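For reference, the chains in residue letters:
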Amino acid sequence: MRILLTGSSGWLGSALGPRLEALGHEIIGLDPVASARTQVVGSIADRDLVLKTVREHSIEAIIHSGALHKPNIEHHENTAFVATNVQGTLNLLDAAVEYGVQRFVFTSTTSLMISQAIRAGFQGGARKAAWLTEEMSPEPRNIYGVTKLSAEHLCRLYHIEHGLPVVVLRTARFFPEADDMAHAIEQSDANTKANELLFRRLTVEDAAEAHVAALEKAPSLGFDIFIVSAPTPFRPKDCAELIADAPTVVARYFPDYPRLYARKGWTMFSSIDRVYDPTRAREKLGFVCRTSFADVLAALDEA
């Protein structure tokens, strides 16, 4: 297919574009930042540019991974988030309907699932970890989450009103940068990312593969939302103990982890406050991340 990929110069776009091309698709990259993977330099907030790009390139599918992200909050006004994340998504949806695009994949975020009340519970002594699924009703705590949820609602609306097949992927963390709370975390960056694969992270390669799966399944799904994160070993029954003593819970599932971590000089988080459950993606999208915490331990063992 001829696919419009927004955010083509970004971390995900740089992994996803080549993967789609390897499958035989023709990719038209759209991004404000020029790169070898971006044919159209500009903003999705530019409605005329979006309509022109979809029309002139006879786009058949759109993968919308471009956005202003949480780290941008410090440097951009709320209006910029609305212009890019909401109006930009609306522009793409309108172009899709106007020019007969066959399927639409939207990159959302698990971040919008953490309300101020949940955040306060994490910081104020929650009695158990939050078990997070697509069934919850999100109440985002910042402008990033609000605009991403608004974009999800637009996607749903355009499926209802126009029959546009849309798959929304709420991706967990896959960014390469250090955590924005790294100053308060005892572990190194590599140690932190390894720990997070238990409950709130995936690799960028797996994020790209999830979009490939969503692209393929969109027509048969119609509309759906999926959490995309590395498979967690945990179960809801573990949530109270995860808050109180995460290392003990992890050791129960991975008895070799203390030895392997000690050899590396790594430690586990003392407490885990949330778990993103990717079961629905496995059952309905047929997608499971290839890289998990078990692979980290296998690599440490080999080393």
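In the block above lies the structure referred to throughout.
Quantities reported herein were computed from a predicted structural model and do not represent experimental measurements.

### Focus on unusual backbone geometry
Thought 1: The phi angle at Ser58 is positive, at roughly 50°, despite the residue not being glycine.
Thought 2: Counting through the fold element by element, Ser58 comes out in the loop between helix H2 (47-56) and strand S4 (61-64).
Thought 3: Classification of Ser58 as partly exposed rests on a relative accessible area of 41%.

### Notes on helix H9 (residues 257-264)
Thought 1: Within H9 the residues assigned to the buried category are Tyr257, Leu260 and Tyr261. End-on, the buried residues of H9 take up no more than an arc of 95°, which puts them together on one face. In this structure, H9 carries Ala262 and Arg263 as exposed residues pointing more than 90 degrees from its buried face.
Thought 2: Where the residues of H9 are buried, they touch helix H6 (189-196), helix H8 (239-253) and helix H11 (293-302).
Thought 3: Where H9 ends, the next residue or the one after it, Gly265, has phi of about 80°, a positive value.

### As for the state of the cysteines
Thought 1: One pass over the structure, following the stated rule, counts 0 disulfides.
Thought 2: The cysteine Cys239 is free of any disulfide, with Cys289 supplying the nearest cysteine sulfur at 19 Å.

### As for the pattern of salt bridges
Thought 1: For the structure on display, the rule yields 16 salt bridges.
Thought 2: Across the salt bridge formed by Asp224 and Lys284, the nearest N and O atoms sit 2.8 Å from each other. Pair noted here: Asp224 is in strand S8 (residues 223-228) and Lys284 is in helix H10 (residues 279-285), with a separation of 60 residues, a long-range link.
Thought 3: Its salt-bridge partner being Arg252, residue Asp238 comes within 3.6 Å of it at the nearest N-O pair. Taken as a pair, Asp238 in the loop between S8 and H8 and Arg252 in helix H8 lie far apart in primary sequence, 14 residues in all.
Thought 4: With relative accessibility at 3%, the residue Asp238 sits in the buried group.
Thought 5: A relative accessible area of 44% means that Arg252 is categorised as partly exposed.

### Brief notes about the pairing of strand S5 (residues 103-109)
Thought 1: With 7 of 7 residues buried, S5 is to be regarded as a mostly interior element.
Thought 2: The side-chain alternation of S5 yields two buried faces, one formed by Arg103, Val105, Thr107 and Thr109 and the other by Phe104, Phe106 and Ser108.
Thought 3: Taken together, the 4 bridges between S4 and S5 define a ladder with parallel strand orientation. The residue of S5 that forms the bridge with Ala61 is Arg103.
Thought 4: Note that S5 and strand S7 (residues 166-171) share 6 bridges and pair parallel. Paired with Val105 across the strands is Val167, a residue of S7.

### A closer look at the pairing of S7
Thought 1: Judged by how many residues are buried, S7 sits mostly within the fold: 6 of 6 residues are covered.
Thought 2: The alternating pattern of S7 places Val166, Val168 and Arg170 on one face and Val167, Leu169 and Thr171 on the opposite face, and all of these are buried.
Thought 3: Pairing between S7 and S8: 6 bridges, direction parallel. Looking at S8, one finds that Val166 is bridged to Phe223.

How each quantity is defined
- Numbers given for residues are sequential positions, taken from 1 along each chain in its written order.
- Local features in this predicted model are restricted to residues whose pLDDT is 70 or higher, and side-chain atom pairs enter the listing and the counts only when it is 80 or higher, whereas totals over whole chains, interfaces and linings include all residues.
- Excluding hydrogens and water, the side-chain values take into account all heavy atoms of the structure.
- Each helix is a run of H or I in the DSSP string that is no shorter than four residues. Each strand is a run of E no shorter than two, and both are numbered from the N terminus.
- Exposed residues in this analysis have more than 50% of their type's maximum accessible area, buried residues have under 20%, and partly exposed residues fall in between, with area computed by a 1.4 Å probe over protein chains only.
- What the arc measures is the spread of directions leading from the helix axis to the C-beta atoms.
- In this description, contact between two residues means that some pair of their heavy atoms is separated by no more than 4.5 Å.
- For the purposes of this analysis, a disulfide is any pair of cysteine sulfur atoms at a distance within 2.5 Å.
- Salt bridges, as used here, are contacts in which a Lys or Arg side-chain nitrogen is within 4 Å of a carboxyl oxygen on Asp or Glu.
- Pairing between strands is defined by DSSP: at least two bridges between them are needed.

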